[in-house]
Amino acid sequence: DETLSALAQTGERDLETTLRPRKLDEFVGQPRVREQLELVLESARRRGVPPDHVLLSGPPGLGKTSMAMIVAAELGAAIRITSGPALERAGDLAAMLSNLAPGDVLFIDEIHRIARPAEEMLYLAMEDFRVDVVVGKGPGATSIPLEIAPFTLVGATTRSGSLTGPLRDRFGFTGQMEFYSDRELELVARRAATILGIAIDRDGCAEIAGRSRGTPRIVNRLLRRVRDYAEVRADGKVTLEVARAALKVYDVDELGLDRLDRAVLGALTRSFGGGPVGISTLAVAVGEEATTVEEVCEPYLVRAGMLARTPRGRVATAAAWEHLGLVPPPETGR
Ligand code: ADP
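In this report, the structure presented in the accompanying data block is examined. The model shown is predicted, which means the values in this text are computed figures rather than measured ones.

What counts and how
Residues numbered from 1 in each chain as written. Predicted model: local features only at pLDDT ≥ 70, side-chain atom pairs only at ≥ 80, totals over all residues. Heavy atoms only, no water. Phe/Tyr/Trp six-rings, centres within 6.5 Å; stacked < 30°, edge-to-face > 60°. Helix = DSSP H or I, 4+ residues; strand = E, 2+ residues; numbered from the N terminus. Buried < 20%, exposed > 50% of the residue type's maximum accessible area, 1.4 Å probe, protein only. Lys NZ or Arg CZ within 6 Å of the ring centre and 35° of its normal. Axes fitted to C-alpha atoms, helices over the stretch in contact; angles between N-to-C directions. Parallel < 35°, antiparallel > 145°, perpendicular 65-115°, else oblique. Contact = heavy atoms within 4.5 Å. Near = heavy atom within 4 Å. Areas by Shrake-Rupley, 256 points an atom, 1.4 Å probe, with all protein chains shown as cover. Nonpolar A, V, L, I, M, F, W, Y, C, P; charged D, E, K, R; others polar.

## Regarding the packing of aromatic side chains
Working step 1: Scanning all chains against the criterion turns up 2 aromatic pairs.
Working step 2: Taken together, a centroid distance of 5.6 Å and an interplanar angle of 70 degrees make the contact between Phe129 and Phe151 edge-to-face. Within this pair, whereas Phe129 is found in the loop between helix H5 (116-128) and strand S4 (130-135), its partner Phe151 is found in the loop between strand S5 (142-147) and strand S6 (152-157), the two being separated by 22 residues in sequence.
Working step 3: Residue Phe151 is classed as buried on the basis of its relative accessible area of 1%.
Working step 4: Ring centres 5.4 Å apart and planes at 80 degrees place the aromatic pair Phe179 and Tyr300 in the edge-to-face group. Taken together, the residues Phe179 in the loop between strand S7 (173-176) and helix H7 (182-196) and Tyr300 in helix H13 (residues 290-303) connect sequence positions 121 residues apart. Tyr300 carries the same exposure label as Phe179, and that label is buried.
Working step 5: Stacked on the ring of Tyr123, the Lys or Arg Arg170 has its end atom at 4.4 Å from the ring centre.

## Digging into the packing of helix H4 (residues 90-98) against H5
Working step 1: Viewed as axis vectors pointing N to C, H4 and H5 meet at an angle of 30 degrees, and their least axial separation amounts to 8 Å. Viewed along their axes, H4 and H5 adopt a mutual orientation that is roughly parallel. Counted together, Ala90, Leu93, Ala94 and Leu97 of H4 and Pro117, Ala118, Met121, Leu122 and Ala125 of H5 form the full contact between these two elements.

## Remarks on the site of the ligand
Working step 1: Around the ligand there are 19 residues in total, and Arg20, Val28, Gly61, Thr65 and Ser66 lie nearest to it.
Working step 2: Taking 560 Å² as the accessible area of the ligand by itself, protein coverage stands at 97%.
Working step 3: Of the residues in the shell around the ligand, the class split is 9 nonpolar, 5 polar and 5 charged.

Have a look at this one:
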């Protein structure tokens, strides 16, 4: 029933908010980015100025949005949230910028997808805290300079490579978020279980952590699915056996690869003989958008050593063939 599933979705999204770490020292993992940010924030605090603009890059679900909120919290500042795709017209951005109070944090998610006119407006805003608002059309159009409050922009991107040079250059600091270790993911699982009141033992935690593709958002999602299973089919407690049985139902394999990951590897091996094959061809073969395959699936498959990006296209490694229980063709000595 649609209403019910909408309700359930709101519930799950609220949970994501509940599970967000609020302070820098509550944030598990990312020691490098944390230390670097700490310095940026503390130095700005001592000088009494808003910190430099911050760019956070890395695959989805690694904590970029959470980190942006923490930056605002640590500064004692308000945060305004928007995203690249929402800033289609420069006017949308002008409205946001002119509503900022001094010291506010402006968070732009998926900043690589910002439209050109808005991006150009952002240059001046980031550099001089000024926007030029164009009034009217055609020969009668005039541009009115408008002062805006000094603010800190936090941008998040899953592909820093597709940011234009001028935009990238205007960030004073770029934090590269990395996949989490299993140990860190166990801490994330333990913390989320405590907040949600889920009974889970150490092995259950480790099992979920090990199958979460290095990603806290996946830990939280799998934890909830395993909890469902534990409540419906077991005595409510998440143990190793319960976690395994539940993850089987949800099609998450021992490495944490889901249906789409396996479809990508399956197409790459079975249909394209191991590659090399172009990303768009591969995406069509699995019926997904190229950007989803590229930004959601590939980073982890690369890190897991299953897929390689070569100048001629994507290639399945020996580990990929093995994981699918297939024998690579003899000439594929990769
Ligand atoms: P991104 O913006 O990179 O896609 P989010 O900040 O939205 O990622 O994080 C997704 C979810 O994962 C959050 O709701 C939060 O609960 C959890 N999460 C992310 N990073 C951490 C972390 N370091 N510690 C604990 N939970 C985290």
